[in-house]
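Read off the chains here:
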Number of protein chains: 2
Amino acid sequence: MDDAAHMTPDEFRRCGYALVDRIARYMEEIERYPVLSQVRPGSVRERLPRAAPEHGEPFADVLRDVDEIIVPGLTHWQSPSFFAYFPANASGPAILGDLLSSGLGVQGMLWATSPACTELETHVLDWLVDLLGLPGRFLSTAAGGGVIQDSASSSTLTALIAARERATAGAVNERGVVYGAAPRLIAYTSRHAHSSVEKAMKIAGMGSGNLRLVDADAGYAMRADALESAIAADRAAGATPVMVSATLGTTSSGAVDPLRAIGELCRREGVWLHVDAAHAGSATICPEHRALIDGVEHADSYTFNPHKWLLTNFDCNCFWVADRAALIDALSVLPEFLRNRATESGEVIDYRDWHVPLGRRFRALKLWFVIRHYGAEGLRAHVRRSVELAGWFASRVEESGEFELAAPVSVGLVCFRHRAGDALNQTLMDRLNASGALYLTHTRLDDRLVLRLAVGAPATRREHVEAAWTRIVETARGLTGGTPAPA
Amino acid sequence: MDDAAHMTPDEFRRCGYALVDRIARYMEEIERYPVLSQVRPGSVRERLPRAAPEHGEPFADVLRDVDEIIVPGLTHWQSPSFFAYFPANASGPAILGDLLSSGLGVQGMLWATSPACTELETHVLDWLVDLLGLPGRFLSTAAGGGVIQDSASSSTLTALIAARERATAGAVNERGVVYGAAPRLIAYTSRHAHSSVEKAMKIAGMGSGNLRLVDADAGYAMRADALESAIAADRAAGATPVMVSATLGTTSSGAVDPLRAIGELCRREGVWLHVDAAHAGSATICPEHRALIDGVEHADSYTFNPHKWLLTNFDCNCFWVADRAALIDALSVLPEFLRNRATESGEVIDYRDWHVPLGRRFRALKLWFVIRHYGAEGLRAHVRRSVELAGWFASRVEESGEFELAAPVSVGLVCFRHRAGDALNQTLMDRLNASGALYLTHTRLDDRLVLRLAVGAPATRREHVEAAWTRIVETARGLTGGTPAPA
């Protein structure tokens, strides 16, 4: 092949500068775009050629199509008026850390395949144990350790596999779960927990029917007494409780399960405790939010997503275990082509045994870049601003008469609704999102439609939350004929 | 928080240019580095501060530490003298496509969360069906469709879950696999297949003991007659055959399982056929390598890694299914917060149901950038050069007298050994890798140590393969006292 087909280092400089400029311009202009993409299904595809090009094309043509075809088809997660789902933080240092990862192009499946890739990841995840106030048993210098995965869904699956094997002394891994005499394997989570737990139960062959959705209290947090009863009932029926997944900040309403009571119960019962703090976990970098993790010293595994609210681009999920041997025993497979002396001596970590995939990119770079750029104080300031703005919005809701809070305000998340009922709230949300001025999503609580406003995009400032509130109120008044609904 | 803590667009431009320059310089200087990192365990960590910084640091300080701490701890997968494992291709357009993905920071879990992210992915994977000569049943415009995952390990797990549910009519997903009367669920793969199949069996709760490692022929390819016997024996014992994973290009030796015979058998038996073409799959972009996939029209799922040999940075695994409904049925979980009208009408794809994680980044951009930059002819030229260079090396081995081929030469991969036996080969490999001049890895075939030379890094030219051969011969002669070993 003619080497000319590869992009030379000089061409890479030129095209790289152009793309850096394009991204900087996207940052500058992001408020001009409708937050929720307004395109109809198929409209992006119909502008793309039916067949791949036979001959290479200039980079400028690709960038033109990015502007004309791709950008109009985006929903702008980095918009300061993106309040849907949870935030998916990007930041300059994270983008650049990821760029360096791509540029170096190394693989971190084994320590030996790029020692810095493994060691920086282990080190930065140890840093985070301290920054977040997590227990020392999660440190790599103790018996634990942390790893970066793509998502909390994958981490929860990983935890479930490790828990399943601990509960069955490795029998499922070896023989599968069909052998007749085996007891049923049960997991527990809140009725309001994320669907990832049900998905993990299916993938792990344990069955969604063996997931107990434990009743919640009035604030949508799991009831520890209901969990205790469920475990007792299962044991009485001859089943084996395997894992409890406690949620700190549910996706639906931000509810925080009572970790200490759940943790003490799990410890007594010998059940693996997994803690899913995907969104709210970022908050514990602030001492004033450490109450969230009271009792976490009883957890066997813990996960949160810097790619949600800690300024580090997706994918960057952090997952810790207290006993790394349990994890590695459950997931290790060692074929000849992966054997090497450093591994067999046990003196290094090979992250391939810590998750589903074998290959892995150098994701620790972006987390390291972020922590160094912002410093702990900068990360705390970002969390605090989001919490403050969400609190401001919640106060407006409470004062309004027309609207009400639908759940206790959680860190950065406000669940609210118009008092006029589901139909009005649905229409209100659809109008707001169609306006392009902001984007928010919904959930159902107590069988009523609830609107969610999640604050946390790095670009979001006071003016954006104020503008959102004004538009929400005015749109609702337009729908109700200008009259505030009865309180 | 003071907005000054965020990197402004102007700072992003400045730091972005500096990093683009740094990466370009890495490309220019990569031959100066020892290919296999020479550091000892712990040496990277001991240069990092024990605690995270409290205050933010200048970007220049971070880049300095990249040079001084990180780069010396890398194994250089992009080196032209990297011949270990399989290649992990990076390229200018792929790096920039990934940079744009980071810069846009959108999430593609649902069509609605960024329509372009879903539609470009579907479209480019349809392009690849044509480019690679795959059957039309994998097209999204038929009943199939493709998706980007992180690795072939994850795709194989995904296929196994879909196959498991098809074989049990969804029963395992609902009830788990413990219910007493259920038959054992069996999967089959070659004795020489990748460990990802065993790992998937464990994760899926099916048990590594229910994976049949089918005997291979003299060229290390699965024997279709042995597979047929194994399936018959399991059926006779009351077990349920669930999936066959056929390998096109094993990791160990590049062996190609006889796909047509296996496919016809799977079709007759009603067993899901998954095809793992992780490395060799890139070759079928060249018509002269289409014999590799003869019979692929019988496959239920197919996977290959552009991040290995098709110039697209990790992570970029492509996975297709012939019947997307089977996949979605197996993996779909639909909580309230993810419901939306476009999904429920069935007119769009929501990729969250196609794999383990929920969140997903815009990975199609890099694949699109690569296909447009190189064009089909550029991609074919890259594959052809690797195959030609591997063929040249194999010819030297055959002519040498001291060395011999240890397996049929596969696309881009040569398995060889010195005739003087395992101890010499082990020492030879260790010396070569410690020299820093090149990096190759080993496997075992017929219980003998075998060296693997995998050609495929974008920077590798004839001179690098020639230099590798010269060094291999000279190092071996140094070890054997200068005398060629007896033929």
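This structure is a prediction, so every number in the text was calculated from the model and none was measured.

A. Spotlight on helix α3 (residues 92-104) of chain A. Residues and elements named next belong to chain A. Counted at 1.5 Å a residue, the expected span for α3 with its 13 residues is 18 Å, and the 18 Å between its end C-alpha atoms agrees. With respect to burial, α3 is a largely interior element, 13 of its 13 residues being buried. After α3 finishes, the residue Gly105 shows a positive phi value of roughly 60 degrees.

B. Broad picture of the environment of B:Val62. Among the secondary structure elements, B:Val62 is positioned in helix α2 (residues 59-70). By relative accessible area, B:Val62 is classed as buried at 3%. Considering only alpha carbons, one finds B:Val62 and B:Ser229, 167 residues apart in sequence, at a separation of 60 Å. Excluding residues that lie within four positions of it along the chain, B:Val62 makes contacts with A:Trp368, A:Phe369 and A:Arg372.

C. Highlighting the relation of the copies chain A and chain B. You can overlay chain A on chain B at an RMSD of 0.0 Å; the transform is a turn of 180 degrees with a shift of 0.0 Å along its axis. Viewed as a symmetry operation, the transformation between the two copies matches a two-fold axis.

D. A look at the nonpolar core. Counting 208 residues, the largest nonpolar core has A:Tyr302, A:Trp320, A:Trp368, B:Tyr302, B:Trp320 and B:Trp368 as its most contacted members. Leave out the neighbours within four places in its chain, and B:Trp368 touches A:Leu48, A:Val62, A:Asp65, A:Val66, A:Ile70, B:Leu120, B:Val124 and B:Trp127. Within the second largest apolar cluster, 60 residues are counted, among which are A:Ile161, A:Ile203, A:Trp354 and B:Trp272.

E. Quick peek at the interface of chain A and chain B. With 163 residues of chain A in contact, the opposing surface of chain B contributes 162 residues. The contact between chain A and chain B buries some 14400 Å² in all, and 62% of this surface belongs to carbon and sulfur atoms. Summed over the shared surface of chain A and chain B, the result is 14 salt bridges. A:Arg13 is the salt-bridge partner of B:Glu28, the closest N and O atoms lying 3.1 Å from each other. At the boundary of chain A with chain B, the tally comes to 76 residue pairs in polar contact (both at pLDDT 80 or more).

F. Region of the structure containing the pairing of strand β7 (residues 317-321) of chain B. Residues and elements named next belong to chain B. Of all 5 residues making up β7, 5 are buried, and the element is well covered by its neighbours. The two faces of β7 match: Asn317, Phe319 and Val321 on one face and Cys318 and Trp320 on the other face are all buried. In this structure, strand β1 (residues 145-149) lies alongside β7, joined through 5 bridges in antiparallel fashion. The residue of β7 that forms the bridge with Gln149 is Asn317. Sheet topology note: the strand β6 (residues 301-304)/β7 ladder contains 4 bridges and is antiparallel. Among the inter-strand pairings, Ser301 is bridged to a residue of β7, identified as Val321.

G. A look at the pattern of salt bridges. Residues and elements named next belong to chain A. Applying the stated rule across the entire model yields 82 salt bridges over all chains. Measuring nitrogen to oxygen at the nearest pair gives 2.7 Å for the salt bridge that ties Glu46 to Arg40. Assessed through its relative accessible area of 48%, Arg40 is described here as partly exposed. Between Arg396 and Glu399 there is a salt bridge whose closest N-O contact spans 2.8 Å. Of this pair, Arg396 and Glu399 both sit in helix α13 (residues 364-400), 3 residues apart, which is roughly one turn of the helix. Judged by relative accessible area, which is 58%, Glu399 ranks as exposed.

H. Main features of the confidence of the model for chain A. Per-residue confidence for chain A averages 94 on the pLDDT scale, and 94% of its residues sit at or above 70. Predicted as a complex, the structure gets a pTM of 0.96 and an ipTM equal to 0.95.

I. Seen up close, unusual backbone geometry. The residue after A:Phe314, namely A:Asp315, is reached through a cis peptide bond having omega 0 degrees. Relative to the elements of secondary structure, A:Asp315 occurs in the loop between α10 (306-309) and β7 (317-321). Not every positive phi belongs to a glycine, and A:Ala169 is a case in point at roughly 50 degrees. Mapped onto the secondary structure, A:Ala169 falls in the loop between α5 (152-167) and α6 (171-175). A relative accessible area of 73% places A:Ala169 in the exposed class. Not every positive phi belongs to a glycine, and B:Leu311 is a case in point at roughly 70 degrees. For B:Leu311, a relative accessible area of 0% puts it in the buried group.

J. Representation of the side chain of A:His274. Residues and elements named next belong to chain A. Here His274 is to be found in strand β5 (residues 272-276). At 3.1 Å, the side chain of His274 and the side chain of Thr156 are in polar contact. Each residue touching His274, except ones within four places of it in the same chain, is listed here: Ser155, Thr156, Ala159, Met243, Val244, Ser245, Ala246, Ser301, Tyr302, Thr303 and Phe319.

Calculation notes
- Residues numbered from 1 in each chain as written.
- Chains lettered and ligands numbered in written order.
- Predicted model: local features only at pLDDT ≥ 70, side-chain atom pairs only at ≥ 80, totals over all residues.
- Heavy atoms only, no water.
- Helix = DSSP H or I, 4+ residues; strand = E, 2+ residues; numbered from the N terminus.
- Expected span 1.5 Å × (residues − 1).
- Buried < 20%, exposed > 50% of the residue type's maximum accessible area, 1.4 Å probe, protein only.
- Contact = heavy atoms within 4.5 Å.
- Least-squares fit on C-alpha atoms with pLDDT ≥ 70 in both.
- Core = buried A, V, L, I, M, F, W, Y, C linked by side-chain atoms within 4.5 Å.
- Buried area = accessible area lost by both parts, 1.4 Å probe.
- Salt bridge = Lys/Arg side-chain N within 4 Å of Asp/Glu carboxyl O.
- Polar contact = N/O pair within 3.5 Å; in protein donor to acceptor, adjacent residues only side chain to side chain.
- Pairing = 2+ DSSP bridges.
- pLDDT = per-residue confidence, 0-100.

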